[in-house]
Amino acid sequence: MQTPPPIALSAGKIPWSGILLGIQPRIDLSRSFDQRQHGYLGYLLLVDGEAAGARRTFTVRIGPAAQARHQFRSGDRISGVAAHVESREREVADFYKAGELTVVERSTATSSASPPWLGTPPALEVYRERGHRRLDSRTYEHACRTCQWGSRMAVEMVVDPWNPGAVKRRFETFCYGPKSCPLYRAGATRKVPGREGMPYEEEDWVDDEATSHRSEDD
Ligand code: SF4
């Protein structure tokens with residue numbers, strides 16, 4: 001008996017499906033000493049399910065238009081196809097170029113009454129307006145991966161402004177949520193490498209200033 005041909009997938013993409021554990025904004029951060037610039041790019045879906053036939057928890061990046069169209073929310077059963085990311089050094093997601101996005105079963109869960117905050121994330125503009133505080137990376141991993149106010153950003157650092165092509169990369173975690181959140185831990189201050197080995201230390205006042213327009217519970 002002849003082996004049946006493989007099922008044709010969109011441009012070599014792999015199928016995935018599962019329960020949506022949480023949705024966070026996908027934001028890139030560019031640093032140059034004490035200067036920083038954000039790129040509000042889209043969203044990151046944290047899914048517990050199957051990808052390419054293997055059971056796992058993984059992340060899929062989508063654009064703002066896809067989120068606006070599907071209104072994904074935590075607890076939804078969803079599916080799609082996507083490609084493996086090519087550069088893990090620059091990318092927080094496991095998969096990108098997502099397509100054939102489908103809500104298989106809509107979650108009936110009500111919005112969470114305590115952190116982590118689940119549900120449908122707000123528009124990217126809301127994150128920009130709120131501003132963030134640094135978030136301890138271990139706290140992020142243990143408590144905040146599903147929270148709509150958490151974000152793990154790919155960071156690009158220009159060490160020498162006279163040589164902008166030479167960059168360093170890393171990941172940093174931030175919280176856009178209420179300042180009164182009991183799960184919040186700031187962690188150590190962050191150092192940005194500078195010219196001739198002179199780093200810039202981002203002190204607490206930077207976070208205070210970025211979120212000074214919000215009350216403790218906002
Ligand atoms: S610390 Fe921030 S990201 Fe973590 S649960 Fe609280 S509001 Fe969400």
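Residues numbered from 1 in each chain as written. Predicted model: local features only at pLDDT ≥ 70, side-chain atom pairs only at ≥ 80, totals over all residues. Heavy atoms only, no water.

1. A closer look at empty space enclosed by the protein
Enumeration according to the criterion identifies two cavities of 30 Å³ or more in this entry. One number sums up the size of the largest cavity: a volume of about 100 Å³. Together, 15 residues line the largest cavity, and Cys-144, Cys-147, Trp-149, Cys-175 and Cys-181 are the ones closest to its centre. Its residues assigned to classes, the lining of the largest cavity comprises 13 nonpolar, two polar and no charged. Residue lining of the second largest cavity: Gly-22, Ile-23, Gln-24, Leu-44, Leu-45, Leu-46, Thr-59, Tyr-140 and Arg-145, and that is the complete set. Partitioned by chemical class, the residues of the lining of the second largest cavity number five nonpolar, three polar and one charged. (1 Å grid on protein atoms, 1.4 Å probe; cavity = no way out; pocket = protein on both sides within 12 Å on 5 of 7 lines; lining within 4 Å. Points joined across faces, edges and corners; volume = space filled by probe spheres on them. Nonpolar A, V, L, I, M, F, W, Y, C, P; charged D, E, K, R; others polar.)

2. A look at the confidence of the model for the protein chain
Should pLDDT be low for a region, the predicted coordinates there are not to be read in detail. Mean pLDDT for the protein chain: 93, with 95% of residues reaching 70 or above. Long-range and interchain partners of residues 1–9, a stretch whose pLDDT sits below 50, account for two contacts in this model, where long-range means more than four residues apart. (pLDDT = per-residue confidence, 0-100. Contact = heavy atoms within 4.5 Å.)

3. Observations regarding the site of the ligand
Around the ligand, the neighbouring residues are Pro-115, Pro-116, Trp-117, Cys-144, Cys-147, Trp-149, Gly-150, Cys-175, Gly-177, Cys-181, Leu-183 and Tyr-184. More than half of the atoms belonging to the ligand lie within 2 Å of the grid points that define the largest cavity. Its residues assigned to classes, the shell around the ligand comprises ten nonpolar, two polar and no charged. (Near = heavy atom within 4 Å. Sits in = over half its atoms within 2 Å of the grid points.)

4. Topic: the packing of aromatic side chains
Throughout the structure, instances matching the rule amount to five aromatic pairs. With centroids separated by 5.5 Å and ring planes inclined at 50°, the aromatic side chains of Phe-33 and Tyr-200 adopt a geometry described as tilted. Here Tyr-200 lies in strand E10 (residues 200–202) and Phe-33 lies in the loop between strand E1 (14–32) and strand E2 (35–51), a separation of 167 residues in the sequence. A ring pair is formed by Tyr-127 and Trp-149, whose centres lie 5.4 Å apart and whose planes are at 65°; its orientation type is edge-to-face. Residue Tyr-127 is located in helix H2 (residues 124–130), and its partner Trp-149 is located in the loop between helix H3 (137–144) and strand E7 (150–158); the two are separated by 22 residues in the primary sequence. Judged by relative accessible area, Tyr-127 falls into the buried class, the value being 0%. The side chain of Arg-130 reaches across the aromatic face of Trp-149, ending 4.2 Å from its centre. In this structure, Arg-190 packs its charged tip against the face of Phe-174, placed 4.9 Å from the ring centre. (Phe/Tyr/Trp six-rings, centres within 6.5 Å; stacked < 30°, edge-to-face > 60°. Helix = DSSP H or I, 4+ residues; strand = E, 2+ residues; numbered from the N terminus. Buried < 20%, exposed > 50% of the residue type's maximum accessible area, 1.4 Å probe, protein only. Lys NZ or Arg CZ within 6 Å of the ring centre and 35° of its normal.)

5. Overview of the pairing of strand E8 (residues 167–175)
Regular strands place side chains that alternate from one sheet face to the opposite one. Direction of pairing for strand E6 (residues 133–134) relative to E8: antiparallel, over a ladder of two bridges. Pairing of Arg-133 across the sheet is with Cys-175, part of E8. Two elements, E7 and E8, share nine bridges in a ladder whose sense is antiparallel. Across the sheet, the residue bridging to Met-153 is Glu-172, located in E8. (Pairing = 2+ DSSP bridges.)

6. Regarding H3
Among all positions in H3, only Thr-139, Tyr-140 and Cys-144 are buried. Angular distribution of buried residues about the axis of H3 spans 105°; they occupy a single face of the element. In H3, the exposed positions angled more than 90 degrees off the buried face are occupied by Arg-138 and His-142. Where the residues of H3 are buried, they touch E1, E7 and E8. (Arc of directions from axis to C-beta.)

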